[in-house]
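So the chains spell out like this:
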Amino acid sequence: MVIKVVKNFFKRIFSNMFRDKRDIKLGFYGPPNAGKTSLANRICKDFTGEEIGTVSKIPHETRKVQFKEKVEIDYKGKKLLFKMIDTPGIATKIDYEDFLKFKVNKKDAKKRAKEATQGVIESIRWLDDMDIVVIVLDATENPYNQVNITIIGNLAARNIPVLVVGNKVDKRKADIKKIEAAFPEYDVIGISAKYGKNLEEFYESIFKLSKKI
Amino acid sequence: MVKKRGKKIGHIKGFSIQFMPYSEIARLESSERIKKILEIIFGGDILILQGRLKADEETRLIEDTMAMVGHVKNFKGIELAVISGNGHSGFFGNMKMGFANILTGGDLGAVTIIGPATIVKEIKRNPKKIELMLNK
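A quick note: this is a predicted structure, and the numbers were derived from the prediction, not measured.

The rules behind these values
- Residues numbered from 1 in each chain as written.
- Chains lettered and ligands numbered in written order.
- Predicted model: local features only at pLDDT ≥ 70, side-chain atom pairs only at ≥ 80, totals over all residues.
- Heavy atoms only, no water.
- Buried < 20%, exposed > 50% of the residue type's maximum accessible area, 1.4 Å probe, protein only.
- Helix = DSSP H or I, 4+ residues; strand = E, 2+ residues; numbered from the N terminus.
- Contact = heavy atoms within 4.5 Å.
- Buried area = accessible area lost by both parts, 1.4 Å probe.
- Salt bridge = Lys/Arg side-chain N within 4 Å of Asp/Glu carboxyl O.
- Polar contact = N/O pair within 3.5 Å; in protein donor to acceptor, adjacent residues only side chain to side chain.
- Nonpolar A, V, L, I, M, F, W, Y, C, P; charged D, E, K, R; others polar.
- Axes fitted to C-alpha atoms, helices over the stretch in contact; angles between N-to-C directions.
- Parallel < 35°, antiparallel > 145°, perpendicular 65-115°, else oblique.
- Left-handed = near helix turned anticlockwise from the far one by under 90°.
- Phe/Tyr/Trp six-rings, centres within 6.5 Å; stacked < 30°, edge-to-face > 60°.
- Lys NZ or Arg CZ within 6 Å of the ring centre and 35° of its normal.

**Q** Explain unusual backbone geometry residue by residue, including any values.
**A** All names here are of chain A. Within the chain, His60 stands out as a residue other than glycine whose phi angle is a positive 65°. Since its relative accessible area comes to 9%, His60 is described here as buried. One non-glycine residue, Lys168, lies in positive phi territory at about 70°. Tracing the chain through its elements places Lys168 in the loop between strand S5 (162–167) and helix H6 (176–182). By relative accessible area, Lys168 is classed as buried at 18%.

**Q** Tell me about the interface of chain A and chain B, and name the residues and values.
**A** With 28 residues of chain A at the interface, the matching set in chain B holds 29 residues. Roughly 2400 Å² is buried in total at the junction of chain A and chain B, and carbon and sulfur atoms are behind 66% of that figure. Between chain A and chain B we count three salt bridges in total. A salt bridge links B:Glu79 to A:Lys93; the nearest nitrogen and oxygen atoms lie 2.8 Å apart. There are 13 residue pairs in polar contact (both at pLDDT 80 or more) connecting chain A and chain B. Contributions of two or more residues to the side of chain A that touches chain B are made by helix H4 (106–126) and helix H5 (146–157) of chain A. Class assignment for the residues of the side of chain A that touches chain B results in 16 nonpolar, seven polar and five charged.

**Q** So what's going on with the packing of helix H2 (residues 30–42) of chain B against helix H3 (residues 55–68) of chain B? Residues and values would help.
**A** All names here are of chain B. Relative to each other, H2 and H3 sit at 50°, their axes nearing to 10 Å. One finds that H2 runs oblique with respect to H3. Between H2 and H3 lies a crossing whose hand is right-handed. Contacts between H2 and H3 involve Ser30, Ser31, Arg33, Ile34, Ile37, Leu38 and Phe42 from the former and Glu57, Arg60, Leu61, Asp64, Thr65 and Met68 from the latter. Considering only residue class, the contact of H2 with H3 consists of six nonpolar, three polar and four charged.

**Q** Report on the packing of aromatic side chains, specifying residues and quantitative values.
**A** All names here are of chain A. Counted by the stated rule, this structure contains five aromatic pairs over all chains. Summarising the aromatic geometry, the rings of Phe67 and Trp126 are spaced 5.2 Å apart at their centres and angled 55° between planes, so their arrangement reads as tilted. Of the two residues, Phe67 sits in strand S2 (residues 66–75) while Trp126 sits in helix H4, which places them 59 residues apart along the sequence. Exposure remark for Phe67: the relative accessible area of 37% places this residue in the partly exposed category. Relative to Phe207, the ring of Tyr75 has its centre 5.7 Å away and its plane inclined at 50°; by these criteria the two rings are tilted. Here Tyr75, found in strand S2, pairs with Phe207, found in helix H7 (residues 199–210); they are 132 residues apart in sequence, far enough to count as distant. When its relative accessible area of 8% is taken as the criterion, Tyr75 is described as buried. Exposure remark for Phe207: the relative accessible area of 10% places this residue in the buried category. By way of ring pairs, the aromatic residues Phe47, Phe202 and Tyr203 are connected into one cluster. The aromatic ring of Tyr96 is capped on one face by Lys110, whose charged end is 5.1 Å from the ring centroid. The lysine or arginine in question, Arg112, covers the ring of Phe99, its NZ or CZ lying 5.6 Å from the ring centre.

Below you can see the structure in the form of structure tokens.
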């Protein structure tokens, strides 16, 4: 009886230890419309055959935190198991009238705005639960945005490893050097989630960061 | 008189700029500090705060702002920017001044600009300058 109890105790301890180590919580954060879901979809599709969420040109398409568990990423023969966590874009202002420009009717625009505000709150509350965070920025936009700085500041205060990704490098206006200048303390990688450009470098950085957990 | 992209666009009515020394919120708890800031913003004023909030207070400010959108009349959110006093903007400039400043808040060499989104359209920034773009 005593042996069985001791055996179960160690079994539980070890299974928790290994589960936590393997199932790395990988969060995708950033401003709206930067391509967080596009990138998460690309990874999930490549390694599980399924996407994590829908993508749209309308800002705040992702208004709830969405997950994909047991995503095993295989990079150069090494394998790591991730829980992918795609979060709603963080903003400091949300105006339903902005959605009307995308031919959304007034009622739906108001509903969307309300859900988007709740999405921002949910994103922030999830910050504590991440093992690694990928900050996805639109490389065609100015990176000196207080929201980006605030999120990264919070992650640094929590000692959570961060990778900064400049998405949309396929566009002519994209400027990765500007992002590198804005975040000199971090690895910055330029990718195109839409066309799958430079994902090898992205995986290499994620594997490197996973050693810091 | 306000200039927008080099053109005079006339007087803008209905807002004022408030300067707040950090000492006014230094002894308050985080929630009270944020409440005080938001009350100024709800009043339609642009706040220039000496110093900066702690990292977790900045996110709390965003959370509380989002919670109030749709609950306070004509409130659509805020525009926010932090300029550090050593010539570097935001977090990284402060990192060079030491983590203690960030964790304890204050950082009296910094300036925080917060305005209601209905009045401040955008705070454009790059390492060398900061521009406040106002709504017409």
